[in-house]
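These are the residues of each chain, in order.
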Amino acid sequence: MDFSKYRSALMGAAMLFVMFFHVSMPNSYMMYGVVRCGNIGVDMFLFLSGIGLWYSWTKQPSLKHFFKRRYLRIYPAWLIMALLFYIPNYLNVKGGGYSPNIGHLIANILFNWSFWRIDDLTFWFIPSIMMLYTVAPFYMELIKKHPSYQWLVVVAIVWAVMVQYYPPVHRSVGHVEIFWSRIPIFLLGINFGQWVKEKRTMEGAAIWWILLLFILSFMMCIEFENHWRGKFPLFLERMVYIPCSITAMILLCRAFRYAPKWLLTFLTFIGGISLELYLIHVQFVLKYVNEYHLGYCLTVLLMIAISIPLAWLLSKAVSKIEKLKN
């Protein structure tokens, strides 16, 4: 498996898929279902994050080192963008918007409290990944000592079903279903970490069943989007995202072997600023580009063209702040 070799390029591809997904397209368009499947970029990123965490933890199993490295990657950029979003939202929206009082405003800036409170999806990935980072070391230590606990992935899938259909659980935590239904792919990434680290390979013939599984799961995702959107619980499609995203990455790794160098360089660059792109592209770029009603393709191109330099500048600013601290 080439997940390690092409990890940054895969993250770049995942970020682009998410950006394509976030631009609205009329459902009458031929490519509507395909574009909506760009949501698998989230699952790709979570899977790759799990692999990266396994590398980090097995190399240096220190909670202090682990949390410092993970949170310092996210928190400075998050804090800047949270300040820029939640303070104007509090001041300009009647009732305080996502922050009905100062306490909620501070909590939103610190850890996006409104996601956990009312399912504020504005930056939902940030509080979700921070929560997953918090529990990851304990899961990794557990499966190191007791490998059979890798089957907790199945428990996470059953829990996602309970969140949707078991009334006491649904009433308590059903509003953040988007978080619970992404836990299985994250745990699978950690489980795959050792395989990737040991550079295990598949026999050549396996590529055909990988291709078959991708086609079947991708077709099902398109079917969900084209004909069943709003008629089924979303966690169901997210379960199909699991085989779709993993097989897509395996196939992309194969394709990257023959890809031109400039494409890999571009995707690797996008992967390096994927966090900053996520924080910027919807609320600070797409929101305003949409006002011009340029159509899907032009909107995507303009959003990407503006978001990339802004994300790069944010990344450089964070790096300079960290250097000043040191």
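Scroll up for the structure.
Bear in mind that the values here come from a model prediction, so they are computed numbers and not experimental data. (Residues numbered from 1 in each chain as written. Predicted model: local features only at pLDDT ≥ 70, side-chain atom pairs only at ≥ 80, totals over all residues. Heavy atoms only, no water.)

**Some remarks on the overall build of the chain**
The helix and strand inventory of the chain stands at 16 helices and zero strands. Taken over C-alpha atoms, the radius of gyration comes to 20 Å for the chain, in line with the 20 Å a tight globule of 326 residues would show. Across its three principal axes, the chain shows a C-alpha extent of roughly 60 × 50 × 50 Å. In the chain, which comprises 326 residues, the share counted as buried stands at 48%. Here the analysis covers contacts within the chain between residues at least 6 apart in sequence; of these, 74% occur between residues at least 24 apart. Within the structure as shown, the chain displays about 16800 Å² of accessible surface, and the carbon and sulfur contribution to it stands at 68%. Here the chain contributes 29 positively and 14 negatively charged side chains, and the mean placements of these two sets differ by 9 Å. (Helix = DSSP H or I, 4+ residues; strand = E, 2+ residues; numbered from the N terminus. Rg over C-alpha atoms; globule rule 2.2 N^0.38 Å. Buried < 20%, exposed > 50% of the residue type's maximum accessible area, 1.4 Å probe, protein only. Contact = heavy atoms within 4.5 Å. Areas by Shrake-Rupley, 256 points an atom, 1.4 Å probe, with all protein chains shown as cover. Lys, Arg positive; Asp, Glu negative; His and termini not counted. Charge placed at Lys NZ, Arg CZ, Asp CG, Glu CD.)

**Let's talk about the pattern of salt bridges**
Per the stated rule, a full pass over the model turns up eight salt bridges. Here R73 and E276 are joined by a salt bridge, their closest N and O atoms 3.1 Å apart. On the criterion of sequence distance, the pair formed by R73 in helix α4 (residues 63-92) and E276 in helix α15 (residues 274-289) is long-range, its members being 203 residues apart. As a salt-bridge pair, E141 and K144 come within 3.9 Å of each other at their nearest N and O atoms. Residue E141 and its partner K144 are both found in helix α7 (residues 125-145); the two are separated by three residues, about one turn of the helix. Looking at E141, the relative accessible area reads 26%, which means it is partly exposed. When its relative accessible area of 37% is taken as the criterion, K144 is described as partly exposed. Taken together, the shared-partner salt bridges connect R36, E225, R229 and E237 into one network. (Salt bridge = Lys/Arg side-chain N within 4 Å of Asp/Glu carboxyl O.)

**Overview of the nonpolar core**
Counting residues in each nonpolar core, the largest one holds 107 residues, and the members touching the most others are F3, F47, I126, I129, F186 and L279. At twelve residues, the largest contribution of residues to this core is made by helix α13 (residues 234-256). Among all residues touching L279, those that are not within four sequence positions of it are A77, W78, M81, F123, I126 and F284. (Core = buried A, V, L, I, M, F, W, Y, C linked by side-chain atoms within 4.5 Å.)

**Thoughts on the packing of α4 against α15**
Two numbers describe how α4 lies on α15: the axes approach to 9 Å, and their chain directions differ by 15 degrees. By the angle between their directions, the pair α4 and α15 is classed as roughly parallel. Where α4 crosses over α15, the two elements pack in a sense that is right-handed. Here R73, I74, A77, W78, M81, L84 and F85 of α4 come into contact with α15, specifically with L275, E276, L279, I280, Q283 and F284. Residues that form the contact of α4 with α15 fall into these classes: ten nonpolar, one polar and two charged. (Axes fitted to C-alpha atoms, helices over the stretch in contact; angles between N-to-C directions. Parallel < 35°, antiparallel > 145°, perpendicular 65-115°, else oblique. Left-handed = near helix turned anticlockwise from the far one by under 90°. Nonpolar A, V, L, I, M, F, W, Y, C, P; charged D, E, K, R; others polar.)

**Some words on a nonpolar patch on the surface**
Residues F269, Y292, L294, L298, L301, L302, I306, L310, W312 and L313 make up a contiguous nonpolar surface patch of about 950 Å² in total accessible area. Looking at the nonpolar patch element by element, the count peaks at seven residues for helix α16 (residues 296-325). (Patch = residues over 30% accessible without salt bridge, like charges linked within 9 Å, V, L, I, M, F, W, Y side chains within 5 Å.)

**Some words on the environment of M239**
Counting through the fold element by element, M239 comes out in helix α13. Separated by 54 residues in sequence, M239 and I185 place their C-alpha atoms 8.8 Å apart. Excluding residues that lie within four positions of it along the chain, M239 makes contacts with I157, A160, S181 and P184.

**Considerations on the packing of aromatic side chains**
Applying the stated criterion across every chain, the model contains 25 aromatic pairs. Judged by centre distance (5.8 Å) and plane angle (65 degrees), the rings of F125 and Y278 are edge-to-face. Of this pair, F125 sits in helix α7 while Y278 sits in helix α15; the two residues are 153 residues apart in sequence, bridging distant segments of the chain. Each member of the pair, F125 together with Y278, is buried. (Phe/Tyr/Trp six-rings, centres within 6.5 Å; stacked < 30°, edge-to-face > 60°.)

**Topic: the environment of S148**
Structurally, the position occupied by S148 is in the loop between α7 and α8 (152-165). Expressed as a C-alpha distance, the spacing of S148 and Y75, which sit 73 residues apart in the sequence, is 34 Å.

**So, helix α1 (residues 7-22)**
End to end, α1 covers 23 Å across 16 residues, agreeing with the expected 22 Å (1.5 Å per residue, within 8%). Taken as a whole, α1 has its buried residues at A9, L10, M11, G12, A13, A14, M15, L16, V18, M19 and F21. (Expected span 1.5 Å × (residues − 1).)

**Here we look at the packing of helix α12 (residues 206-228) against α13**
At a minimum axis distance of 8 Å, the contact between α12 and α13 shows a crossing angle of 135 degrees. With respect to α13, the element α12 is oriented oblique. Two packed elements cross with a definite hand, and for α12 against α13 that hand is left-handed. Here α12 contributes I207, I210, L211, L213, F214, S217, F218, M220, C221, F224 and E225 to the contact with α13, which in turn contributes L236, E237, V240, Y241, P243, C244, T247, A248, I250, L251 and R254. Class assignment for the residues of the contact of α12 with α13 results in 17 nonpolar, two polar and three charged.

**Thoughts on helix α3 (residues 40-59)**
For α3, which comprises 20 residues, the first-to-last C-alpha distance of 29 Å matches the rise-based estimate of 28 Å (1.5 Å per residue) to within 8%. Burial analysis of α3 places 17 of its 20 residues in the buried class, the great majority of the element.

**Quick word on the side chain of R238**
Secondary-structure assignment places R238 in helix α13. What makes R238 buried here is its relative accessible area of 7%. Not counting residues within four places of it along the chain, the set of residues in contact with R238 comprises D43, E177, I178, S181 and R182.

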